[in-house]
Amino acid sequence: MKIDGGCHCGAITYEAEVDPEKTNICHCIDCQQLTGTAFRVTVPASEDHYRITRGTPKIYIKTGSSGARRARLFAASAVRISMPRRSVTDRKSTASG
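Just so we're clear, the structure is a prediction, and the values are computed from it rather than from any experiment. Numbering of residues begins from 1 in every chain and follows the order in which that chain's sequence is written. Local features in this predicted model are restricted to residues of pLDDT 70 or higher, and side-chain atom pairs are both shown and tallied only at a pLDDT of 80 or more, whereas totals for entire chains, interfaces and linings draw on every residue. Working from all heavy atoms in the structure, the side-chain values ignore hydrogens and water.

## What to know about the pattern of salt bridges
The rule for a salt bridge is simple: a side-chain nitrogen of Lys or Arg has to be within 4 Å of a carboxyl oxygen of Asp or Glu. According to the stated counting rule, one finds three salt bridges in the structure shown. Beyond isolated ion pairs, a larger network of salt bridges with shared partners links Lys-2, Glu-15 and Arg-51.

## Digging into the confidence of the model for the protein
The predictor rates its confidence in each residue with pLDDT, a number between 0 and 100. Scored by pLDDT, the protein comes out at a mean of 81, with 79% of its residues at no less than 70. Looking over the protein, one finds the lowest element-wise mean pLDDT in strand E7 (residues 69–74), namely 84, and the highest in strand E2 (residues 13–17), namely 95. The low-confidence segment residues 90–97, where pLDDT is below 50, has eleven contacts with residues more than four positions distant or belonging to other chains. Secondary structure counts use DSSP, requiring at least four H or I residues in a row for a helix and at least two E residues in a row for a strand, with both numbered from the N terminus. For this analysis, residues touch if any pair of their heavy atoms sits within 4.5 Å.

## Some remarks on the side chain of Arg-72
Residue position: Arg-72 is located in strand E7. Comment: no salt bridge for buried Arg-72; closest opposite-charge side chain is Asp-30, at 5.2 Å. With residues up to four places along the chain from it excluded, the contact list for Arg-72 reads Leu-34, Arg-40, Lys-58, Ile-59, Tyr-60 and Lys-62. When accessible area is computed with a 1.4 Å probe and restricted to protein chains, residues below 20% of their type maximum are described as buried, those above 50% as exposed, and intermediate ones as partly exposed. Charge assignment in this entry is limited to Lys and Arg as positive and Asp and Glu as negative, and neither His nor the chain termini are counted.

## Observations concerning the side chain of Asp-30
Topologically, Asp-30 is positioned in helix H1 (residues 29–35). Residue classification places Asp-30 among the buried positions, given a relative accessible area of 11%. Of note is the side chain of Asp-30, whose polar atom sits 3.2 Å from the side chain of Lys-62. Contacts of Asp-30, omitting those with residues within four sequence positions, involve Lys-62, Thr-63, Gly-64 and Ser-65. Any pair of N or O atoms that falls within 3.5 Å is considered a polar contact. Within protein, one atom must be able to donate a hydrogen and the other to accept it, and sequence-neighbouring residues count only if both atoms are side-chain atoms.

## A word on the pairing of E2
Think of it this way: DSSP has to see at least two bridges between two strands before they count as a pair. Where strand E1 (residues 2–6) and E2 come together, five bridges link them in antiparallel fashion. Note that in E2 the partner of Lys-2 across the bridge is Glu-17. Here E1 hands over to E2 after six residues, with Gly-10 in that stretch at a positive phi of 85°.

## Details of the sheet that holds E2
Spatially, E1-E2-E5 is the arrangement adopted by the three strands of the open sheet, whose pairing is antiparallel. Edge strands, defined here as strands with exactly one partner in the open sheet, are E1 and strand E5 (50–54). Strand-to-strand twist in this sheet, taken as the mean axis angle between neighbours without regard to direction, amounts to 20°. Looking at chain direction, E2 and E5 are connected through four bridges and run antiparallel. Only the stretch in contact is used when a helix axis is fitted, and all axes are lines through C-alpha atoms; the angle between N-to-C directions ranges over 0 to 180 degrees.

## Some remarks on the state of the cysteines
Here, a disulfide means two cysteine sulfur atoms that sit within 2.5 Å of each other. What the rule picks out here adds up to zero disulfides. Cysteine Cys-7 is unpaired, with the sulfur of Cys-9 as its nearest cysteine sulfur at 3.5 Å. With no disulfide of its own, Cys-31 has Cys-28 as its nearest cysteine by sulfur position, at a separation of 3.7 Å.

In C-alpha cells form, the structure reads like this:
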C-alpha cells in the first residue's frame with residue numbers, strides 16, 4: 001500500500017510502500033512522549049521503499065527504556081507541541097500554535 005505524509009509544519013514530506021498487516025501499536029514511555037497520548041501507531045517501511053520528498057531532516061539518537069538506540073528524524077524548524085490550547089479569540093477547545 002502506498003502512503004505519504006509529513007511533519008506537522010510541512011517542512012518534511014515522505015512517501016513509502018508499506019504492508020498494512022504489519023501496523024504496530026506501541027505503549028512504551030518514549031512513544032507516549034513522542035505523541036502526547038497513550039500510544040503510537042507505526043508501520044515499518046524498508047529503506048528501498050521509503051523516500052523523503054521534501055526537506056532535509058535533522059537526526060538525533062535516542063536510547064529507549066529497552067536500551068535500544070533509535071535514530072529520530074525531525075524538521076529543523078520543529079517545535080514540540082505538548083498539548084492543544086484554547087484560542088485567545090474564542091474559548092472553544094481548538095488547537096493553535
